[in-house]
Structures are given as C-alpha cells and as structure tokens.
Amino acid sequence: GSTGDGPRGTAHKTEVLQEVGGFSRFQFLVLHLISFSRLVIPLHFLLHNFISAVPPHRCALPHLENYGAQADEETLELSIPRNPSGALSSCTAFFAPYGNVSNSSAVALPCQNGWVYERSKFLSTTVTEWDLVCDNMKFNQSLATFFFVGVTLGGVLFGNLSDKFGRKPMLLVSFVLGGIMGTLAAFSVSYTMFAVTRTLCGVALTGITITTISLSIEWADIKHRTFTGIIVSLVWSVGNMLLALLAYFIRDWRHLMLVVTSPFLPALIIWWWIPESARWLLVNGKVEAAQKFLSQCAKMNGKFNQTTPHLQHLRVSGLFHCTYLDLVKTTKLRKITACCGIFWFAVAFTYYGISFKITGFGLNMYLTHFTYAAIEVPAKVLTYFTLDRVGRRNVQAWSLIITGIFIGINTVIPTDYGLVRTLVAVTGKGFSESAFTTAFLYTTELFPTVLRQCGLGYTSFVGRIGSSLAPLIMLLEDVWEFTPPLIFATVAILGGCVVFLLSETLNTRLPESIQDVEEERFVWACVSGCLEMFATWFVWPHLTFQFFCSSRNKRTPENQLENIEMN
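Here the residue index of a chain counts from 1 through its sequence in written order. Whole-chain, interface and lining totals are the exception, using all residues; otherwise, since this is a predicted model, local features are given only for residues with pLDDT of at least 70 and side-chain atom pairs are given and counted only at 80 or more. Heavy atoms from the whole structure form the basis of all side-chain values; hydrogens and water molecules are not counted.

Looking up the protein chain in an unreviewed UniProt entry gives the name Solute carrier family 22 member 7a, with the organism given as Scleropages formosus. Word for word, the UniProt comment on the protein chain under Subcellular location (unreviewed entry) is "Membrane". UniProt positions are given in the numbering used here, feature names are shortened, and annotations may be inferred rather than shown by experiment.

### A short note on the overall build of the protein chain
Helix and strand definitions here come from DSSP, where helices need a minimum of 4 consecutive H or I residues and strands a minimum of 2 consecutive E residues; each element is numbered from the N-terminal end. Of the regular secondary structure elements, the protein chain holds 24 helices and 6 strands. Burial status follows relative accessibility: with a 1.4 Å probe on protein chains alone, a residue under 20% of its type maximum counts as buried, one over 50% as exposed, and anything between as partly exposed. Burial status across the protein chain gives 57% buried among its 567 residues. The long-range fraction of contacts in the protein chain, counting pairs at least 24 apart against all pairs at least 6 apart in sequence, stands at 79%. Carbon and sulfur atoms make up 66% of the accessible area of the protein chain, which totals about 23,700 Å². Whether two residues are in contact is decided by their heavy atoms: any pair within 4.5 Å suffices. Calculation of accessible area relied on Shrake-Rupley with a 1.4 Å probe; when residues are assessed, cover is drawn exclusively from the protein chains displayed.

### What to know about unusual backbone geometry
In this structure, D131 is a non-glycine residue whose phi angle is positive, near 50°. A positive phi angle, near 55°, is found at C134, a position not held by glycine. Tracing the sequence through the fold places C134 in the loop between α6 (126-130) and α7 (137-165).

### So, the side chain of E276
Residue position: E276 is located in the loop between α12 (264-271) and α13 (278-283). At 3.1 Å, the side chain of E276 forms a polar contact with the backbone nitrogen of R167. Nitrogen and oxygen atoms within 3.5 Å of one another constitute a polar contact, given that in protein one can donate a hydrogen and the other can accept it, and given that sequence-neighbouring residues count only through two side-chain atoms. Looking at E276, its side chain comes within polar contact range of the main-chain nitrogen of K168, at 3.1 Å. Residues contacting E276, with those up to four places away along its chain left out, are G166, R167, K168, P169, L215, W219, L281 and F293.

### Topic: α7
For α7, spanning 29 residues, the distance from its first C-alpha to its last is 42 Å, which sits close to the expected 42 Å at 1.5 Å a residue. Considering bend angle alone, the principal kink of α7 is centred on L143 and spans about 25°. In the segment just after α7, G166 is the residue with positive phi, at about 110°. Given the number of residues in a helix, its expected span is that number minus one, multiplied by 1.5 Å. Note that bend, as reported per residue, equals the angle between axes fitted to the 7 residues terminating at that residue and the 7 residues originating from it.

### Things to note about the packing of aromatic side chains
The aromatic pairing rule takes the rings of Phe, Tyr and Trp, using the six-membered ring of Trp, and pairs them if the centres are within 6.5 Å, calling planes under 30 degrees apart stacked, those over 60 edge-to-face and the rest tilted. The final tally for this structure, using the stated rule, is 33 aromatic pairs. Note on Y248 and F249: the rings are 5.1 Å apart at their centroids and 90° apart in plane angle, and the pair reads as edge-to-face. Y248 gets classed as partly exposed once you look at its relative accessible area, which sits at 43%. Here F249 falls in the exposed class, since its relative accessible area comes to 64%. Between the aromatic rings of Y248 and Y366, the centroid separation amounts to 5.5 Å while the plane-to-plane angle is 85°, which identifies the pairing as edge-to-face. With Y248 in helix α10 (residues 225-249) and Y366 in helix α17 (residues 365-390), the pair connects residues that are 118 residues apart, well separated along the chain. By definition, being over a ring means that NZ of Lys or CZ of Arg is both within 6 Å of the ring centre and within 35 degrees of the ring normal. Against the face of W271 rests K168, its NZ or CZ located 4.7 Å from the ring centre. Lying over the aromatic face of Y248, R251 brings its terminal NZ or CZ to 4.9 Å of the ring centre.

### Side note on helix α8 (residues 167-186)
Helical periodicity: at 3.6 residues per turn, an α-helix aligns residues three or four positions apart in one direction. Look at α8: 29 Å from first C-alpha to last across 20 residues, which is about the 28 Å you get at 1.5 Å a residue. All buried positions along α8 are accounted for by R167, K168, M170, L171, S174, F175, G178, G179, M181, G182, A185 and A186.

### A word on the packing of helix α9 (residues 191-218) against α10
Axis angles are defined between N-to-C directions and span 0 to 180 degrees, where every axis is a line fitted to C-alpha atoms and, for a helix, only to the segment in contact. Running from N to C, α9 and α10 point in directions that differ by 150°, and their axes come no closer than 9 Å. It follows from the interaxial angle that α9 and α10 lie roughly antiparallel. The chirality of how α9 crosses α10 is right-handed. Facing α9, whose interface residues are I213, S216 and I217, α10 presents R225, T228, G229 and V232. Think of it as three bins: nonpolar holds Ala, Val, Leu, Ile, Met, Phe, Trp, Tyr, Cys and Pro, charged holds Asp, Glu, Lys and Arg, and polar takes everything else, Gly as well. Grouping the constituent residues of the contact of α9 with α10 by class yields 3 nonpolar, 3 polar and 1 charged. With respect to orientation, any angle under 35 degrees is reported as roughly parallel, any angle over 145 as roughly antiparallel, any angle of 65 to 115 as roughly perpendicular, and every other angle as oblique. Crossings are sorted by hand: turned counterclockwise from the far helix by less than a right angle, the near helix makes the crossing left-handed, and turned clockwise it makes it right-handed.

### Some thoughts on the environment of R464
Among the secondary structure elements, R464 is positioned in helix α20 (residues 452-473). We classify R464 as buried; its relative accessible area is 4%. In this structure the C-alpha to C-alpha distance between R464 and F148, which are 316 residues apart in sequence, comes to 5.9 Å. Once residues within four sequence positions are removed from consideration, R464 is found in contact with F45, F148, V151, T152, Y352, F436 and F440.

### Quick notes on the nonpolar core
For this analysis, a nonpolar core means a set of buried residues of the types Ala, Val, Leu, Ile, Met, Phe, Trp, Tyr and Cys, connected via side-chain atoms within 4.5 Å. Formed by 124 residues in total, the largest nonpolar core has its most connected members in F45, L205, W219, L256, F343 and Y352. Per element, the largest residue contribution to this core is 13 residues, and it comes from helix α16 (residues 331-355). Residues I230, L387, L441 and L510 belong to the second largest nonpolar core, which totals 6 residues.

### Observations regarding the pattern of salt bridges
Where side chains of opposite charge bring their charged atoms close, a pairing between them can arise. Think of a salt bridge as a Lys or Arg side-chain nitrogen and an Asp or Glu carboxyl oxygen that are within 4 Å of each other. Across all of its chains, the model carries 8 salt bridges by this definition. We note a salt bridge from R167 to E218, for which the minimum N-O separation is 2.7 Å. A residue pair is termed long-range when its members are at least 10 positions apart, and R167 in helix α8 and E218 in helix α9 qualify at 51 residues. The shortest N-O distance in the salt bridge between D388 and R392 comes to 3.1 Å. Residue D388 is classed as partly exposed on the basis of its relative accessible area, which comes to 34%. The exposure class of R392 is buried, given its relative accessible area of 1%. The structure contains a network of salt bridges with shared partners spanning R167, E218 and R452.

### Description of a nonpolar patch on the surface
Nonpolar side chains (Val, Leu, Ile, Met, Phe, Trp, Tyr) are joined into patches within 5 Å and like charges within 9 Å, using only residues with over 30% relative accessible area and no salt bridge. A cluster of nonpolar residues, I465, L469, L472 and L475, forms a patch on the protein surface that exposes about 260 Å² of accessible area. Mapped onto the secondary structure, L472 falls in helix α20. You can call L472 partly exposed: its relative accessible area is 32%.

### Regarding the state of the cysteines
Whenever a pair of cysteine sulfur atoms sits within 2.5 Å, that pair is classed as a disulfide. Inspection of every chain in the model, using the stated rule, returns 2 disulfides. Paired through a disulfide, C59 and C111 show a sulfur-sulfur distance of 1.8 Å. Torsion about the S-S bond of the C59 and C111 cystine: about -75°, corresponding to left-handed handedness. In this pair, C59 sits in strand β1 (residues 57-59) while C111 sits in the loop between β3 (108-110) and β4 (115-117), placing the two residues 52 residues apart along the sequence. By relative accessible area, which is 2% here, C59 ends up buried. Each sulfur in the disulfide pair C91 and C134 lies 2.0 Å from the other.

This is the structure we're talking about:
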C-alpha cells in the first residue's frame, strides 16, 4: 500500500547512526564525496549569464569592409540612425548609404543582412551563434527558461524514482544523463538542438541536487544536520565563484560548455564510493544492504566491535511505498506541502531574479557574478550559527522578507549611485542565499523518510517554476523599469510570511513515517515553535520558556529511528 505508516517499532536505547559512531570519519568521507559530486550543479545553473550574454551589436553593412565591424563612428552614422539616447541603433539601418542622415528620403529599416558583434568581451555566445538579438531576443531569454523547465521536470521525475528505487541508482542516472546532454549541448548545430539538450541537462542536475541533499542529511545525526546542510550548500558558492573565473578566461561558449560539463566524469568515479542511505534501505525492507553500509560505517568509525550484535539483529516492521498523492492525503502533510510549495517558489523566484541581473551596477559582469557568489560564503556561515539559535522557521521567513525589502530599497536608489546599488544588491543576494540554504535543510526535516524525496521533488518542481519565470519577468523592464523588482520584492515578502504557518524542526528527530508527522509528539515541534517565536519578543517569558523546553526535551527520547527493532 501507499500509506507510509506501517507498524511501529522501538529502538534500543539510541539511534542506529549514533551506535555506529554518530558523525565521525565515515560521515565526513560521505560528506566530502557528495560535496565534490555537487560541484557541477552551480557551474550549469547560472551558465546562461555567460554563454548567452548579449554583446554590443549593430546591423551588418555589406558595402563596408568586414561589414563595418572596424568602421569608425563617422562612417557608421551615414548608414545607421541614432537612438533617442544618441547611441547608434543596434537593430536598424538605412536601406542604403545616402551620404547624409538628415536626407528626408532616408528610411531606417530592420537589419537586412544580419549583425556584426563586438568581440572584445566574448569570442562567441549563443547570441552571436544564432543572431538572437532585436526581434529574436526573446528566444535568447527563453534558453534560460527551457533549462529551468528541465530542472522543474527533473524534480518530479527523480523525486518519485529515488523514493522508489533508491538514492544511489538515481544519482548514477543523473550523472550519466547530465554528462551526455552537457557534451551534446556544446556541439549543438542548431538553436533547437541546444534548447533540447540544455533542458535535459536541467532534468539531470535536479536529480543530482535532491538525491545528494537527502543522502547527506540522512547519514547525519541530529546534532550535525545543520552543519551538513551548510557544508553541502557551500559547494554552490564555491562553484559559482569558479564559474566566474572560468567564464573570464574562456570566452567561447562551446569551450566553456565543455569545461563546466567535465566534472561529470570524476563524479561518475566518485559515485562508486557513495553509500546508499541506510534510512531508505531500512524503511524499504532492505535490511541486509543496510547492515552492509552500517557495518562499513562502524568499522571506519572504530565502533564495529561494540555495534556488531545490534547490527546483526536489525529488522524492519513493514514495507511502505509512497507516491506524490501521499503528500496531500493527511491534514498536516497537506499543510506542509502547501506552505513549502509557496515559500520554495518565492525562494527560487527571488534568488534567480537577483542572480540574472549582473549588469547595471557599475561593475563588469564577471566581477559582479564573483561578488554575488563570494557574499554567499559569509551569509552561509552566519546562517549556520543562526539556525541553531533562532530556529529553521525564523531564519527561513526573515531571510525571505529582508531580501524583498532590499530589492525594494534598490528600486528607489538612482542609477547614478552605482556603488550604493551594488552594496544593497549584494546584501540582498546574501539574504536570498540564506533563504535558499535554509530551504533545503528545512524541507528535508519537515517531510518523513518515506516521502522525503517526493517532498523534495515537489518543492523543487514548484521552486523551478519560479526560477523559470524569473528571466521572463525581467522582460517586463520594457513595459516599466520598476515592474520586475517590485514583483520580486512582493513575492519574497509574502513567501516569508507564509513560512510562519509551519512548525519548527530545530533539535527534533527526522520523521520516518507519515504517522510521525501526524501524531502529537511531532506536533510538539509546531507548538514549541509558535511559543518560541512569541517568547523571543519578551525577555522573562523567553527564559521561562527555555526552562520549559529543556525539561520537555529530557523526557523525549532523542534520535529514535522509527520502524526499526533491535532484538
């Protein structure tokens, strides 16, 4: 059946992971292997900023040498009209050189013979490859949307498959698919081929994202979940800084595409040493496989002799096969599913709305992108220390709300104040990254093991709808320049407010079954979270509450892995 409940079991004194060493050498090895294999994700997600950049361009003029590529401005203005701003037009030219632009018979027409591009910043991009400028510019922005459509589909596909077949097999499928599609994209012979391969590459990258985050969290004990989530997310920042450096030195889009795809090869090799989730194996009845990986963990952590009797007598109470429908079958899961979908949309929509805007701040695009990535590191360090003090829910909510506020502030700052706008934008980017970092950890802790990948798949699906819409929303600048930032700010603030409807997961065990989510002892997290938020506004009630919580925690067994019995 697909109930996800099953008979209840009891754990012998402490959780299995604590028995085999808690968070020691084995977990550190797994964390490092997973982190390196995730390096390819940021290299592709914001790649559009560079491989599809729009260089300065103007109409090709057949009567001039090299179509006017090296012509001076005095020569060009005889054949190209000026915009109201005084700059030479990028999309129109006089049908023939009349010798005098003031000639009343001169008629400006759309480019008839293609375009010439300035090659000082880029040797080639998808724009120069297929002339995606002027009336065709919408096709260039659509490339980012196509990629995120693939990312969206990947969340649904791999979320369900990895809950059914396991995290590790789906991780292998993701690596293989991503490597093949990334390579084919670099050798694309048409716009359509490139769009299709990038879409499928997005599917694969989501598979890597949600399977690795589950693997890392499910191998961590309760005290190190925050640490694990932050370390895994730091790879994103390092990868984005690396992307800026690679793009700076590699100005040809095909070569850059191949270079950022190359990490798939070592990731395939690393895959052999990444263990399957022991939690997933146990709740799916694969006891022998779970014993194998737990024994390896115990040996590496120096706990094998103490845990051997317990590992030999592991058993599960039942088999559970869940689907996406189980996310909405019970009351509390429906609430979690709805709220997580809303704040994930806001997180991704806002993050990519900021990330795709890397021009207009007075810095070159490479430095802006690198700065955006670099600010994420201290933001994540601050998030790490904050998460265990004010809780997941408060960090998730307020990081979104503050991001929206900073976007709104930047809207009213005049463009002449480039440095100020850059500082405000970078600060907002830091808070948006904090929201994204927390989202993965918070969502993983809210959904039970039997539905965790489905939950991550669903939230990834909704979030990527947001990231797919972000580049399209930016096209509304042509209607009114303030439209995109106002939309991004409003969505961020509203999404942050919705988070307050969810429960707190700080210092609570990971729920294993749907029953764990629905029953009272997991609901305690919601009650305590609401009380804690209230208590933070007053000093003496807060002290009283901390004492009450500590007393309650002493009575509640920590780190129980449900559905497991030890004889």
